[in-house]
Amino acid sequence: MIVLLDKMRITARSDKCVKLSKNHLSFYSKYAFVVLRALRKPLFQRFLCWLLKRENIEERRVRDVQIRMFPLRKENGNVLAGKCNREEGKIFIYPKRLGFCQRKTQELGKETLDFYIQSRARAALIHELLHLKYASNEEKVRELTRKYFRIFSKHRHAKNLDTRNVSKLLFT
Ligand SMILES: [Zn+2]
């Protein structure tokens, strides 16, 4: 049973599409497709099924999972990984900024960066799904996100990738 597949889509603010350079647009659209593909992978979908069951989160509570094409900046200047509207059952997943990704590509290589982008989106979705149940208990949600993400990571093959660097980027 593959539950969340039909609810996932890429969305964007059209005014941003008009304003941004070609370079930015192509970067953010590629990013969004990498995320969509990562979230739709059968192995991850099966994992999500298991997670929802285990946490007793009814699948119908999730109505819409939007992979937003452009980053959302927080007040402290950092960008948001995800957001959840519990009443409406809507989840939003946001990308990192172009500048960050360029720097990290130089530092870690393209393959590791792609792996980071996929992991970040998966961790963000797990995190926001848990918010449906645990509301604003951020500490609990963070602790469980780490736990579940670790469980998922054990099931996949990432032998040649810099997993330690990636989890450092994700959880610190
Ligand atoms: Zn949170």
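Given the structure is predicted, the values throughout are model-derived calculations rather than measurements.

How each quantity is defined
Residues numbered from 1 in each chain as written. Predicted model: local features only at pLDDT ≥ 70, side-chain atom pairs only at ≥ 80, totals over all residues. Helix = DSSP H or I, 4+ residues; strand = E, 2+ residues; numbered from the N terminus. Rg over C-alpha atoms; globule rule 2.2 N^0.38 Å. Buried ≥ 20, exposed ≤ 12 C-beta atoms within 10 Å, placed from the backbone. Contact = placed C-beta atoms within 7 Å. Pairing = 2+ DSSP bridges. Axes fitted to C-alpha atoms, helices over the stretch in contact; angles between N-to-C directions. Parallel < 35°, antiparallel > 145°, perpendicular 65-115°, else oblique. Nonpolar A, V, L, I, M, F, W, Y, C, P; charged D, E, K, R; others polar. Expected span 1.5 Å × (residues − 1). Core = buried A, V, L, I, M, F, W, Y, C linked by C-beta atoms within 7 Å. Left-handed = near helix turned anticlockwise from the far one by under 90°.

Visitor: Teacher, can you tell me more about the overall build of the protein here?
Guide: Counting its secondary structure elements, the protein contains seven helices and four strands. When the helices and strands of the protein are read in sequence order from the N terminus, they spell out β-α-α-α-β-β-β-α-α-α-α. Relative to a compact globule of 172 residues, whose C-alpha radius of gyration would be 16 Å, the protein shows 16 Å and is just as compact. Burial statistics for the protein: of 172 residues in total, 25% are counted as buried. Considering only residue pairs separated by 6 or more positions, the protein has 78% of its internal contacts joining residues 24 or more positions apart.

Visitor: Just to check I follow, could you spell out unusual backbone geometry for this structure?
Guide: Of all residues except glycine, most have a negative phi; of all peptide bonds, most are trans. Its identity is not glycine, yet Asn56 carries a phi of approximately 55 degrees, on the positive side. Relative to the elements of secondary structure, Asn56 occurs in the loop between α3 (42-54) and β2 (64-68). Unusually for a residue other than glycine, Ala135 sits at a positive phi of about 50 degrees. Mapping Ala135 onto the fold places it in the loop between α5 (110-134) and α6 (138-154).

Visitor: Looking at this structure, how should I read the sheet that holds strand β1 (residues 8-11)?
Guide: Strand pairing in a sheet relies on backbone hydrogen bonds. The paired strands run either parallel or antiparallel. What the four strands build is an open sheet, ordered β1-β2-β4-β3; its pairing is mixed. Strands with a single pairing partner mark the edges of an open sheet, and in this sheet they are β1 and β3 (82-85). Across the sheet, the axes of successive neighbouring strands diverge by a mean angle of 20 degrees, strand direction being ignored. Bridge analysis of β3 against strand β4 (residues 90-93) gives four bridges, and the strand direction is antiparallel. Counterpart to Gly82 in the pairing with β4 is Ile93. Against the sheet, helix α2 (residues 22-40) contacts β1, β2 and β4, and its axis sits at roughly 175 degrees relative to β1. Here α5 sits on the sheet and contacts β2, β3 and β4; the angle it forms with β3, its principal contact strand, is near 25 degrees.

Visitor: Got a minute to help me understand the pairing of β3 in this structure?
Guide: Sheet faces and side chains relate simply in a regular strand, where the side chains alternate between the two faces. Side chains of β3 alternate between two faces, with Gly82 and Cys84 buried and Lys83 and Asn85 left unburied. What sits between the antiparallel neighbours β3 and β4 is a turn of four residues, in which Gly89 has the positive phi angle 65 degrees.

Visitor: Would you mind going over the packing of helix α4 (residues 98-108) against α5 with me for this structure?
Guide: Each pair of packed helices can be described by the angle between their axes along with the distance between the axes. Orientation of α4 relative to α5, taken along the N-to-C sense of each, is 130 degrees, at an axis distance of 7 Å. As the angle between them shows, α4 and α5 are arranged oblique. Taken together, the residues of α5 that come into contact with α4 (itself represented by Cys101, Lys104, Thr105 and Leu108) are Lys110, Thr112 and Leu113. Among the residues forming the contact of α4 with α5, the class breakdown is three nonpolar, two polar and two charged.

Visitor: Just checking my understanding: could you explain α3 for this structure?
Guide: Because each turn of an α-helix spans 3.6 residues, side chains separated by three or four positions in sequence point in the same direction. The terminal C-alpha atoms of α3, which comprises 13 residues, lie 18 Å apart, in line with the 18 Å expected from a rise of 1.5 Å per residue. With its phi angle positive at about 55 degrees, Asn56 sits one or two positions after the end of α3.

Visitor: What's the story with the nonpolar core in this structure? I'm lost.
Guide: Soluble, globular proteins show a tendency: their nonpolar side chains are buried together. Residues Val35, Ile93, Ala121 and Leu125 are the most contacted members of the largest nonpolar core, which totals 32 residues. At eleven residues, the largest contribution of residues to this core is made by α5. If we skip the residues at most four places from it in the chain, Ile93 touches Val35, Ile67, Arg68, Gly82, Ala121, Ala124 and Leu125.

Visitor: Explain the packing of α5 against α6 here, please?
Guide: Two elements in contact, α5 and α6, have axes whose closest approach is 9 Å; the angle formed by their N-to-C orientations is 135 degrees. Comparing their axes, α6 and α5 come out oblique. Read as a crossing pair, α5 and α6 show a hand that is right-handed. Of the residues in α6, those in contact with Arg122, Ala123, Ile126, His127, Leu130, His131 and Tyr134 of α5 are Lys140, Val141, Leu144, Thr145, Tyr148, Phe149 and Phe152. Classifying every residue of the contact of α5 with α6 by side-chain character gives nine nonpolar, three polar and two charged.

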